[in-house]
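# Observations on chain architecture
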Amino acid sequence: MIIKLLLSSIAIFAAAYLLEGVTVKNFGHAILTAILLALASVTIKPVLVFFTLPITIITLGLFYFVINVIILMIIDAILSGLKIKNFWWAAAFSLLISIFTTILNWIF
């Protein structure tokens, strides 16, 4: 579990480094972002998925990606060390985090 948290933190830090619209103050804030992202995925995401189920079905699951972006925007509002300029930067950030986390989990 700690290894997955560190891999997610590395993915968050690397994605923020590559995107100019996203800044993470330091690696400690990347770890906090990963922790908050994991907590939000367990608590907030199921509620959002339940309430947006009809639109998720209509869009063939693509709205699930929007839910991930919304959760990142919520974490941005909570955490002072993470700054995301707008929705589209959050969408790119979410996509890069997913790609990097998948690659890192595949390697390790």
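The model shown is predicted, which means the values in this text are computed figures rather than measured ones.

### Details of the packing of aromatic side chains
Any pair of aromatic rings gets described here by the distance separating the centres and the angle formed by the planes. Taken as a whole and assessed by the stated rule, the structure comprises three aromatic pairs. Summarising the aromatic geometry, the rings of phenylalanine 13 and phenylalanine 27 are spaced 5.7 Å apart at their centres and angled 85° between planes, so their arrangement reads as edge-to-face. Note that phenylalanine 13 is positioned in helix H1 (residues 2–18) and phenylalanine 27 in helix H2 (residues 27–51), a separation of 14 residues in sequence. A ring pair is formed by phenylalanine 50 and phenylalanine 51, whose centres lie 5.4 Å apart and whose planes are at 70°; its orientation type is edge-to-face. Under the relative-accessibility criterion, phenylalanine 50 is labelled exposed at 60%.

### Focus on the layout of surface pockets
Volume-wise, the largest pocket comes out at about 530 Å³. Residue lining of the largest pocket: 20 residues in total, with Ser8, Ala34, Leu37, Ala38 and Ser41 positioned closest to the centre. Mapped by element, the contributors of at least two residues to the lining of the largest pocket are H1, H2, helix H4 (63–78) and helix H5 (87–107). Among the elements that take part in the lining of the largest pocket, H2 stands out by supplying eight residues, more than any other. Across the lining of the largest pocket, the residue classes tally to twelve nonpolar, six polar and two charged.

### Quick look at H5
Residue pairs three or four apart in sequence face the same way in an α-helix, which turns once every 3.6 residues. Under the 1.5 Å per step criterion, the end-to-end length of H5 is 30 Å for 21 residues, consistent within 8% with the ideal 30 Å. You can read the cap of H5 off the contacts: a side-chain oxygen lies 3.1 Å from the backbone nitrogen of tryptophan 88, and it is on asparagine 86.

### Digging into the side chain of threonine 56
Tracing the sequence through the fold places threonine 56 in helix H3 (residues 53–58). In contact with threonine 56, other than residues within four places in its own chain, are Gly61, Phe63 and Tyr64.

### Considering the nonpolar core
The biggest cluster of nonpolar side chains holds 23 residues, and the ones touching the most others in it are Ile12, Val22, Val24, Leu82, Ile84, Phe93 and Ile97. Looking at this core, the elements with two or more residues in it are H1, strand E1 (22–24), H2, H4, strand E2 (82–84) and H5. Top contributing element to this core by residue count: H4, with six residues.

Parameters at a glance
For every chain, the first residue of its written sequence is number 1, and the numbers climb from 1 along that sequence. Since the coordinates come from a predicted model, pLDDT governs what is reported: local features require at least 70, and pairs of side-chain atoms require 80 or more to be given and counted, while whole-chain, interface and lining totals use all residues. Excluding hydrogens and water, the side-chain figures rest on all heavy atoms present in the structure. Centres within 6.5 Å are what make two rings of Phe, Tyr or Trp a pair, Trp counting through its six-membered ring; a difference in plane orientation under 30 degrees is then read as stacked, over 60 as edge-to-face, and the rest as tilted. Runs of E in the DSSP output that reach at least two residues are strands. Runs of H or I that reach at least four are helices, and both are numbered from the N terminus. Throughout this description, buried means an accessible area under 20% of the type-specific maximum (1.4 Å probe, protein chains only), exposed means over 50%, and partly exposed covers the range between. Note on definitions: the grid is 1 Å and covers protein atoms alone; a cavity is a set of points where a 1.4 Å probe fits but cannot get out; a pocket is an open set with protein on both sides within 12 Å along at least five of seven lines; lining residues have an atom within 4 Å of a point. Grid points are joined across faces, edges and corners, and a volume is the space filled by probe spheres set on the points. Nonpolar residues are Ala, Val, Leu, Ile, Met, Phe, Trp, Tyr, Cys and Pro. Charged residues are Asp, Glu, Lys and Arg, and all others, Gly as well, are polar. Helix span, as expected, comes to 1.5 Å for every residue beyond the first. Counted as a polar contact is a pair of N or O atoms within 3.5 Å, where, for protein atoms, one must be capable of donating a hydrogen and the other of accepting one, and residues adjacent in sequence contribute only when both atoms are in side chains. What makes two residues a contact is simply this: any of their non-hydrogen atoms within 4.5 Å. Nonpolar core, defined: a set of buried Ala, Val, Leu, Ile, Met, Phe, Trp, Tyr and Cys residues in which side-chain atoms within 4.5 Å join the residues together.

Purely geometric numbers; function is a separate question.
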